[in-house]
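Residue-level structural notes
In case you want the letters, here they are:
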Amino acid sequence: MVRKMSVPPMQLVDYDGEGTQLCAVVEDIGNITLKRALIPEPVEGEVRVKVKWVGICGSDVEVFRGAREPEFVSYPTRLGHEVAGVIDKVGPNVIGLKVGDPVALRYIWGAFAEYVCCTPFSVKVLPQTLPLIEGSLIEVLPGIIHAAELGDISPHKNVLITGQGVSGLVMTQVVSLYSPRNLIVTDLFDEKLELARKYGATHTYKLPSSDANTMDIVGKDFPDGFDVVIPCLLEGDGMVDAIDAASQNGRIIMYGCIGTCHKPVDFFKVHKKRLDIFSTEPKRDIDNRHYFDRGLQLVLDGLVNTEEMITHVVHLSNIAEAFKLRNEHKGDTIHVMIDCETNV
């Protein structure tokens with residue numbers, strides 16, 4: 001079976017002292033607090049990472065808002081999966097990885113903490129010369145590269161990306177490398193559209209509201225719709241819009257819109273248009289590793305910028321304020337990074 005996201009166990013304690021660490025816990029919808037936990041020890045086949053940076057992803061925000069169904073998450077829970085840090089301890093029977101290696105992590109959730117343990121599968125060693133703050137977003141690149149490949153993008157196709165949040169802006173950078181005929185992006189905010197143009201978008205459209213129909217805005221210029229539609233929105237309702245925007249025989253690559261859809265889905269329209277709909281997480285472990293390697297290389301080659309969209313840096317001790325900031329839908333708030341380093 002393919003490996004899935006996991007939450008490393010963390011033993012909470014009611015005291016502050018040697019051998020303990022700070023960690024963030026979402027007690028209930030809209031309520032994230034700091035707790036103390038024992039610093040974990042790596043078991044056989046694990047390493048321990050001293051966490052430095054964790055980005056607040058849209059999926060974290062959805063859980064914080066209570067927008068995920070109970071089968072996905074229950075409360076209390078821990079969040080944080082866009083991780084960069086340094087290996088500070090190596091468990092038995094781990095080869096290759098060593099203390100002092102700067103790393104990015106993938107498929108680990110619950111990393112708003114000072115330390116976390118995981119297996120080598122989740123680890124990608126970073127060059128010592130790459131600033132760690134630029135390493136945490138490498139976590140999103142495997143799914144994004146896979147999405148671009150599933151789109152079968154070529155120079156005669158028109159591609160639409162809905163949403164230019166953090167992942168949407170990275171998606172725009174990657175998809176532009178596949179040389180589509182036109183790369184169209186939509187968002188609610190001018191600041192994000194300006195970055196999208198810099199990153200290769202040929203057409204940008206500002207939507208008047210979050211529930212606006214994309215074709216009402218772009219249909220005059222692209223009346224036949226789009227060969228490839230990649231929603232990079234949070235809520236599942238965006239899939240209804242994506243189906244409307246797809247052209248005959250088009251493809252929808254469901255990078256976003258994995259939250260609950262509250263609108264009726266017209267499956268006859270999917271049938272009538274002969275649409276293909278794809279999910280984006282790699283289906284084999286080896287593919288995940290390949291995309292991890294390729295994503296890092298794109299950053300090292302200067303082709304994907306993971307630092308420029310960082311608008312706020314907040315310390316772990318102020319994580320409640322950071323989530324409040326990230327939960328506000330504003331143009332000047334794109335990526336909020338949590339600094340998890342303390343003197344423990």
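Okay, so let's go over this structure.

The rules behind each value
Residues numbered from 1 in each chain as written. Predicted model: local features only at pLDDT ≥ 70, side-chain atom pairs only at ≥ 80, totals over all residues. Heavy atoms only, no water. Buried < 20%, exposed > 50% of the residue type's maximum accessible area, 1.4 Å probe, protein only. Helix = DSSP H or I, 4+ residues; strand = E, 2+ residues; numbered from the N terminus. Salt bridge = Lys/Arg side-chain N within 4 Å of Asp/Glu carboxyl O. Pairing = 2+ DSSP bridges. Axes fitted to C-alpha atoms, helices over the stretch in contact; angles between N-to-C directions. Parallel < 35°, antiparallel > 145°, perpendicular 65-115°, else oblique. Left-handed = near helix turned anticlockwise from the far one by under 90°. Contact = heavy atoms within 4.5 Å. Nonpolar A, V, L, I, M, F, W, Y, C, P; charged D, E, K, R; others polar.

This next bit is on helix α3 (residues 166-176). Owing to its 3.6 residues per turn, the α-helix aligns residues three or four sequence positions apart on the same side. With 10 of its 11 residues buried, α3 lies for the most part within the structure. Those residues of α3 lying buried are Val166, Ser167, Gly168, Leu169, Val170, Met171, Thr172, Gln173, Val174 and Val175.

Moving on, we get to the pattern of salt bridges. It is possible for side chains of opposite charge to pair when their charged atoms get near one another. Scanning the model with the defined rule gives 21 salt bridges in all. In this structure, Arg3 and Asp285 form a salt bridge, with 3.1 Å as the shortest nitrogen-oxygen distance. Of this pair, Arg3 sits in the segment before β1 (12-13) while Asp285 sits in helix α8 (residues 285-300), and the two are 282 residues apart along the sequence. The salt bridge partner of Arg48 is Glu41, with a shortest N-O separation of 3.3 Å. A single salt-bridge network, built from bridges that share partners, covers Glu41, Arg48, Asp88 and Lys89.

Sheet topology note: the strand β10 (residues 182-187)/strand β11 (residues 203-206) ladder contains four bridges and is parallel. Bridged to Thr186 within β11 is Tyr205.

In this section: the packing of helix α2 (residues 141-150) against α3. Contact pair α2 / α3: the axes reach a minimum separation of 10 Å and the direction vectors enclose 50°. When the interaxial angle is binned, α2 and α3 end up oblique. Every pair of crossing elements has a handedness; the one defined by α2 and α3 is right-handed. Residues Leu141, Ile144, Ile145, Ala147 and Ala148 of α2 pack against Ser167, Val170, Met171, Val174 and Val175 of α3. Per-class residue counts for the contact of α2 with α3 are nine nonpolar, one polar and no charged.

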